[in-house]
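Chains, contacts and geometry: an overview
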Amino acid sequence: MERTAFEPFGEQLVSATDAQPKSRASKLLLRVGTTLFWSLVAGIVVARAAFFEPGIYDGFTRFASLAKSLIF
């Protein structure tokens, strides 16, 4: 008899063989979804790098130094 595994909160654990997609369509859908996700991640990183403006926080730095000089 096979012993069923449970996690500490009582949920039944699924074995690694049960988690694999069974059909060809589900494997394709998994691959397409993964590719789409990582493509969006890469697009966001590239867009942030392309539109990054290094001096955007200079105004806050001046304000912080002014506040520090007034307080201390």
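This brings us to the overall build of the protein chain. Helix and strand counts for the protein chain come out as three helices and zero strands. Mapped in sequence order, the helices and strands of the protein chain form the string α-α-α. The burial tally for the protein chain puts 0% of its 72 residues in the buried class. Carbon and sulfur atoms form 66% of the exposed surface of the protein chain, whose accessible area is close to 7400 Å².

It is worth spelling out the packing of aromatic side chains at this point. On inspection of all chains with the given rule, the structure shows one aromatic pair. Judged by centre distance (4.9 Å) and plane angle (75°), the ring pair of Phe 37 and Trp 38 falls under edge-to-face. The class of Phe 37 is partly exposed, set by a relative accessible area of 47%. Accessibility expressed as a relative area gives 52% for Trp 38, which makes it exposed.

Here we take up helix 3 (residues 58-71). Given a rise of 1.5 Å per residue, 14 residues ought to cover 20 Å, and the 20 Å separating the end C-alpha atoms of helix 3 matches this to within 8%. Burial analysis of helix 3 places just zero of its 14 residues in the buried class, a small minority of the element.

The pLDDT averaged across the protein chain works out to 81; a share of 82% of its residues lies at or above 70. When pLDDT is averaged over each helix and strand of the protein chain, the minimum, 57, is found for helix 1 (residues 16-19) and the maximum, 93, for helix 2 (residues 24-50).

Right, let's talk about helix 2 for a bit. Since there are 3.6 residues in each turn of an α-helix, residues three or four apart along the chain are aligned in direction. In this model helix 2 runs 39 Å from its N-terminal to its C-terminal C-alpha over 27 residues, within 8% of the 39 Å that 1.5 Å per residue would give. Helix 2 sits mainly on the outside: zero of its 27 residues count as buried.

A few words now on a nonpolar patch on the surface. Taken together, Phe 37, Trp 38, Val 41 and Val 45 make up a surface patch of nonpolar side chains, about 400 Å² in accessible area. Mapped onto the elements of the fold, Val 41 is located in helix 2. A relative accessible area of 30% places Val 41 in the partly exposed class.

On to the environment of Ala 5, then. Mapping Ala 5 onto the fold places it in the segment before helix 1. Relative accessible area serves as the criterion here: at 39%, Ala 5 is assigned to the partly exposed category. Excluding its chain neighbours within four sequence positions, the residues that come into contact with Ala 5 are Glu 11, Gln 12 and Leu 13.

Criteria and cut-off values
Residues numbered from 1 in each chain as written. Predicted model: local features only at pLDDT ≥ 70, side-chain atom pairs only at ≥ 80, totals over all residues. Heavy atoms only, no water. Helix = DSSP H or I, 4+ residues; strand = E, 2+ residues; numbered from the N terminus. Buried < 20%, exposed > 50% of the residue type's maximum accessible area, 1.4 Å probe, protein only. Areas by Shrake-Rupley, 256 points an atom, 1.4 Å probe, with all protein chains shown as cover. Phe/Tyr/Trp six-rings, centres within 6.5 Å; stacked < 30°, edge-to-face > 60°. Expected span 1.5 Å × (residues − 1). pLDDT = per-residue confidence, 0-100. Patch = residues over 30% accessible without salt bridge, like charges linked within 9 Å, V, L, I, M, F, W, Y side chains within 5 Å. Salt bridge = Lys/Arg side-chain N within 4 Å of Asp/Glu carboxyl O. Contact = heavy atoms within 4.5 Å.

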